[in-house]
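A closer look at the structure
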Amino acid sequence: MVTGLTIRDMATADHQAVAEIGFAAWMSSDAWHAGRPDETLIAHVKCAFDALPAEAPDRITVAAFDGQIVGWAALNGDKNHISDLWVHPQHQSKGIGRALIDTLLQRMIRQGISRVTIHTHASNSGAIRLYERLGFRIVWRGMEFSKSAGTELEKVHMEKGLG
């Protein structure tokens, strides 16, 4: 575990920070190495991040240093699917993403879940490397409609056996 890091369930007071961190991490992602996404996509994704905390309050886990939210992860959809992992750009590469995923994996193991899935943008090499280091493997790559982006994106689906 990262020294000084607290991982807990999201509180109502965390909603704005969760939305802001998700959007900032999305904008800084290396998925956009070919150039900045267009303004319509940016507006659509920002709206999705603003809405998500209220739509999934019981499925979001946050990471904080000294009470300040620095990252979060969500189980949204299937009980064995990690739908989101976002760490503020200023706090990336410090083990926060790993700590959040490890926390969710331990919860899943306690629930008797034997296989976990996670999806990401196919060009998000940083996320793919992290997930591979955590034992996930790519099981599918192709075009898929992204509800949060409102468009087709090239995605990868990854999975990991538990236990």
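Our structure's up above, just so we're on the same page.
Below, the structure is looked at part by part. (Residues numbered from 1 in each chain as written. Predicted model: local features only at pLDDT ≥ 70, side-chain atom pairs only at ≥ 80, totals over all residues. Heavy atoms only, no water.)

1. Notes on the packing of aromatic side chains
Put simply, the test is: For Phe, Tyr and Trp, rings pair up if their centres lie within 6.5 Å, where Trp contributes its six-membered ring, and each pair is then called stacked (planes under 30 degrees apart), edge-to-face (over 60) or tilted (otherwise). To qualify as a helix, a DSSP run of H or I must reach at least 4 residues; to qualify as a strand, a run of E must reach at least 2; elements of each kind are numbered from the N terminus. Classification of residues uses two cut-offs on accessible area relative to the type maximum, computed with a 1.4 Å probe and protein chains only: under 20% is buried, over 50% is exposed, and between them is partly exposed.
On inspection of all chains with the given rule, the structure shows four aromatic pairs. Judged by centre distance (5.1 Å) and plane angle (85°), the rings of F49 and W86 are edge-to-face. Taken together, the residues span a long stretch of sequence, with F49 in helix α2 (residues 39–55) and W86 in strand β4 (residues 81–87) at a distance of 37 residues. Across the pair, exposure class does not vary: F49 and W86 are buried alike. Chaining the aromatic ring pairs together yields one cluster made of F49, W72 and W86.

2. A closer look at the layout of surface pockets
The condition that has to hold: In this analysis a 1.4 Å probe is tested at points of a 1 Å grid over the protein atoms alone, and where it fits but cannot get out there is a cavity; an open set with protein on both sides within 12 Å along at least five of seven lines is a pocket; lining residues have an atom within 4 Å of a point. Grid points are joined across faces, edges and corners, and a volume is the space filled by probe spheres set on the points.
In this structure, the largest pocket encloses a volume near 1,500 Å³. Along the walls of the largest pocket sit 49 residues, with S83, D84, L85, W86 and H119 positioned nearest its centre. Mapped by element, the contributors of at least two residues to the lining of the largest pocket are α1 (15–28), α2, β4, α3 (96–110), β5 (115–121), α4 (125–133), β6 (137–146) and β7 (151–161). In terms of residues, the lining of the largest pocket owes the most to one element, α2, which gives seven residues.

3. Focus: the nonpolar core
Looking at soluble globular proteins, one finds that nonpolar side chains tend to be buried together. To keep things clear, this is the line we draw: For our purposes a nonpolar core is just a set of buried Ala, Val, Leu, Ile, Met, Phe, Trp, Tyr and Cys residues, chained together by side-chain atoms within 4.5 Å. It only takes one pair of heavy atoms within 4.5 Å for two residues to be counted as in contact.
I82, I101, Y131 and F136 are the most contacted members of the largest nonpolar core, which totals 30 residues. Secondary structure elements with two or more residues in this core: β2 (60–65), β3 (68–75), β4, α3, β5, α4 and β7. Counting residues per element, this core draws most heavily on α3, at seven residues. The residues contacting F136, other than those within four sequence positions of it, are I101, L105, V116, T117, I118, Y131, M158, E159 and K160.

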